[in-house]
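# A structural walkthrough
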Amino acid sequence: MNIDISTGKDRAAAPPVLRIAHLYKSFGAHHVLVDFNLELQKGESVVVLGRSGSGKSVLIKCIIGLLKPDQGTIMVLGVRVQDAKGESLDQLRAKVGFLFQSNALYDSMTVRENLEFPLRRHWMRLSREQVNERVLEALNDVGLAHTIEMMPEELSGGMRKRIALARTLILKPELILYDEPTTGLDPITGKEIIRLMTDMQQKYNTTSLIISHDMNCVKIAGKRIVILIDGKCYADGSYETFCRSSDARVKQFFE
Amino acid sequence: MQQETSIKLFLAEAGDLARFSARFFREAFRPPYEVAAFIRQCFVIGYRSLGLVSLTTFIMGLVLTMQLRPSMVAYGVASQIPAIVSIAVVREIGPVITALIFAGKIGSSIGAELGSMKVTEQIDAMEVSGTNPFRYLAVTRILAATLMLPVLVLLGDAIALYGAYLGVNIRGITSFNLFWSQVFDNLSFSDVLPAFIKSYFFGFAVGTVGCYKGYSSRKGTEGVGRSANSAVVVASVVIFIIDLLTVQIAEAIGIN
């Protein structure tokens, strides 16, 4: 029986939210991902831990279809990402949230317009009132309803990250991909963002894949941790297990 | 060796730009159409350039007339100044100067804006949000630039001729009616049409080069600055090449 560390459920019982099998990705002669495998069940919160330049961001960009893998299969919510094009890819992306490392808030739009953008694109039939309601709900979730008419440039780094999280949550995605969510934030704000992420995961019962090298993030958000070394899934386990590990390559992260 | 590398780089860049233009034609005429974004871009690109174009073309018309005047007087054809200036402005100087001003203002701003969006992952965010960023950002800007520049050229030509009217009257006296009747008596359909048509190509070049440079921006903020700068330089060179080609083509088909 294949038991999930974070949920305690049998992994074989339900189809995985994300299944990556034998994934390869290279840029010229540089092999970034080499036979990478991973499965995420519903409700799991998994942190992919790796050094800078180890291919973590490439991995989640392949998952969302922003990069094409050279080989292998990525199944998200039962859909093979490489085969999804046009409308089917858009439908899949509506169910997958992506929090960018740089927040990627649209500079020329207000906070309201930033949040409305994915709503209007994916759910075109929503009325003005429904859109407004969803925007306010998402902003209330991150505690920034008062910033609704502000421009991104008027916000602090932590506030921008929260707004980016609100934009990610607004479509109520089933799977959320976080790319280095605490990069560029001070440790206190970083911890606040991680707690907000875990709260939102519980509130909306989503599955999370977090890419990080921040040990605070790993400790708080990672019920299950996957260590990415040499483009492969080098180790898969819990924080406590890795803290006790005698493997030198694992220890370098947890010492 | 270095020269060979430069030639290769130039050819690669030209090839990429041609592919980018081809993508525009593939994407522009397929639904869904980004109508709201296109109208907004027409306002940003067209209306907001009006002040600068008006000022520069007015000064250009005025200065051109004042510079021409001594020679025209020396040859005893001072009365032909409105005719000469209007032909020069409408056929060549108006479209080219307006297009160069447009490249400086709009080409650089498109290059910088899209470059900044590229390096801060906003273009990726747009794609993840179910939007085709090429259609939303590039197609709308290229179309708006293509359609707005001819309008600006027409307005710029008219304003330049008002500048010329002022220039004529600084040292002499020519009535408003006489000036304009001389202008229109000497302008023909073949003066206006090729100039008007080529300004569509100028607008397309400015929009395409600006978007291409922004889209291919790399290396953080330094790359954004470089994109904005090279968008202006490349668009300006392309404007002169198009100008040369359209004159030859108009000559060949007998409308010049």
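Residues numbered from 1 in each chain as written. Chains lettered and ligands numbered in written order. Predicted model: local features only at pLDDT ≥ 70, side-chain atom pairs only at ≥ 80, totals over all residues. Heavy atoms only, no water.

### What about the pairing of strand 3 (residues 45-49) of chain A?
Residue and element names in this part refer to chain A. With five of five residues buried, strand 3 is to be regarded as a mostly interior element. Where burial is concerned, the two faces of strand 3 agree: the one with S45, V47 and L49 and the one with V46 and V48 are both buried. For strand 3 and strand 8 (residues 207-212), the ladder comprises five bridges, and the chain directions are parallel. Within strand 8, the position partnered with S45 by the bridge is S208. Bridge count between strand 3 and strand 9 (residues 224-229): four bridges; the pairing is parallel. Counterpart to L49 in the pairing with strand 9 is I227. (Buried < 20%, exposed > 50% of the residue type's maximum accessible area, 1.4 Å probe, protein only. Helix = DSSP H or I, 4+ residues; strand = E, 2+ residues; numbered from the N terminus. Pairing = 2+ DSSP bridges.)

### Thoughts on unusual backbone geometry
Looking along the chain, the bond that leaves P31 of chain B and enters P32 of chain B is cis, with omega of 0°. Secondary-structure assignment places P32 of chain B in the loop between helix 1 (2-28) and helix 2 (35-45). You will see that D35 of chain A, though not glycine, has its phi angle at about 50°, which is positive. With respect to the helices and strands, the residue D35 of chain A is situated in strand 2 (residues 30-40). In this structure, L77 of chain A is a non-glycine residue whose phi angle is positive, near 50°. Within the fold, L77 of chain A resides in the loop between strand 4 (71-76) and strand 5 (79-80). For L77 of chain A, a relative accessible area of 24% gives the class partly exposed.

### Let's talk about the pairing of strand 2 of chain A
Residues and elements named next belong to chain A. Across seven bridges, strand 1 (residues 18-27) lies against strand 2 in antiparallel orientation. Considered in strand 2, the bridge of S26 is made with H31. Taking the residues between adjacent antiparallel strands as the criterion, strand 1 and strand 2 are bridged by two residues, where G28 takes a positive phi near 65°.

### Some points on the layout of surface pockets
Taken as a whole, the largest pocket holds about 1600 Å³ of empty space. Lining the largest pocket we find 50 residues, and of these R93 of chain A together with E127, T131, N132 and P133 of chain B sit closest to its centre. Elements represented by at least two residues in the lining of the largest pocket include exactly helix 2 (86-94) and helix 3 (111-122) of chain A together with helix 1, helix 5 (122-128), helix 6 (133-171) and helix 8 (189-215) of chain B. Top contributing element to the lining of the largest pocket by residue count: helix 2 of chain A, with seven residues. The class makeup of the residues in the lining of the largest pocket is 21 nonpolar, nine polar and 20 charged. Volume-wise, the second largest pocket comes out at about 490 Å³. Forming the boundary of the second largest pocket are 23 residues, of which M109 and F117 of chain A together with A37, R40 and Y136 of chain B lie nearest the centre. Of all the secondary-structure elements, those providing two or more residues to the lining of the second largest pocket are helix 3 of chain A together with helix 2, helix 4 (81-119), helix 5 and helix 6 of chain B. (1 Å grid on protein atoms, 1.4 Å probe; cavity = no way out; pocket = protein on both sides within 12 Å on 5 of 7 lines; lining within 4 Å. Points joined across faces, edges and corners; volume = space filled by probe spheres on them. Nonpolar A, V, L, I, M, F, W, Y, C, P; charged D, E, K, R; others polar.)

### Concerning the sheet that holds strand 4 of chain A
Residue and element names in this part refer to chain A. In space, the four strands of this open sheet follow the order 2-1-4-5, with antiparallel pairing throughout. The open sheet has two free edges, formed respectively by strand 2 and strand 5, since each of these has just one partner strand. Sheet analysis places strand 4 next to strand 5, joined by two bridges and oriented antiparallel. Looking at strand 5, one finds that M75 is bridged to R80. Strands strand 1, strand 2 and strand 4 of the sheet are contacted by helix 1 (residues 56-63), whose axis makes an angle of about 120° with strand 1. (Contact = heavy atoms within 4.5 Å. Axes fitted to C-alpha atoms, helices over the stretch in contact; angles between N-to-C directions.)

### Quick notes on the sheet that holds strand 8 of chain A
Residue and element names in this part refer to chain A. Spatial strand order, 6-7-8-3-9-10: six strands in an open sheet with mixed pairing. Each of the sheet's edge strands pairs with one partner strand only, and the pair in question is strand 6 (96-99) and strand 10 (232-237). On average, each strand axis in the sheet is tilted by 20° relative to the strand beside it, whichever way the strands run.

### Focus on the packing of aromatic side chains
For any two aromatic rings, the description comes down to two numbers: the centre-to-centre distance and the angle of the planes. With the rule as written, the count across this model stands at 21 aromatic pairs over all chains. Relative to Y212 of chain B, the ring of F20 of chain B lies with its centre 5.7 Å away and its plane at 70°, an arrangement referred to as edge-to-face. Of this pair, F20 of chain B sits in helix 1 while Y212 of chain B sits in helix 8, placing them 192 residues apart in sequence. Taking relative accessible area as the criterion, Y212 of chain B reaches 8% and is therefore assigned buried. On the basis of an interplanar angle of 75° and a centroid distance of 5.8 Å, the ring pair of F134 of chain B and Y215 of chain B is categorised as edge-to-face. Here the residue F134 of chain B occupies a position in helix 6, and Y215 of chain B occupies one in helix 8, the gap between them amounting to 81 residues. Across the pair, exposure class does not vary: F134 of chain B and Y215 of chain B are buried alike. Positioned above the aromatic ring of Y106 of chain A is the side chain of R167 of chain A, whose terminal nitrogen or guanidinium carbon lies 4.8 Å from the ring centre. It is R249 of chain A that lies over the ring of Y234 of chain A; its NZ or CZ is 5.5 Å from the centre. (Phe/Tyr/Trp six-rings, centres within 6.5 Å; stacked < 30°, edge-to-face > 60°. Lys NZ or Arg CZ within 6 Å of the ring centre and 35° of its normal.)

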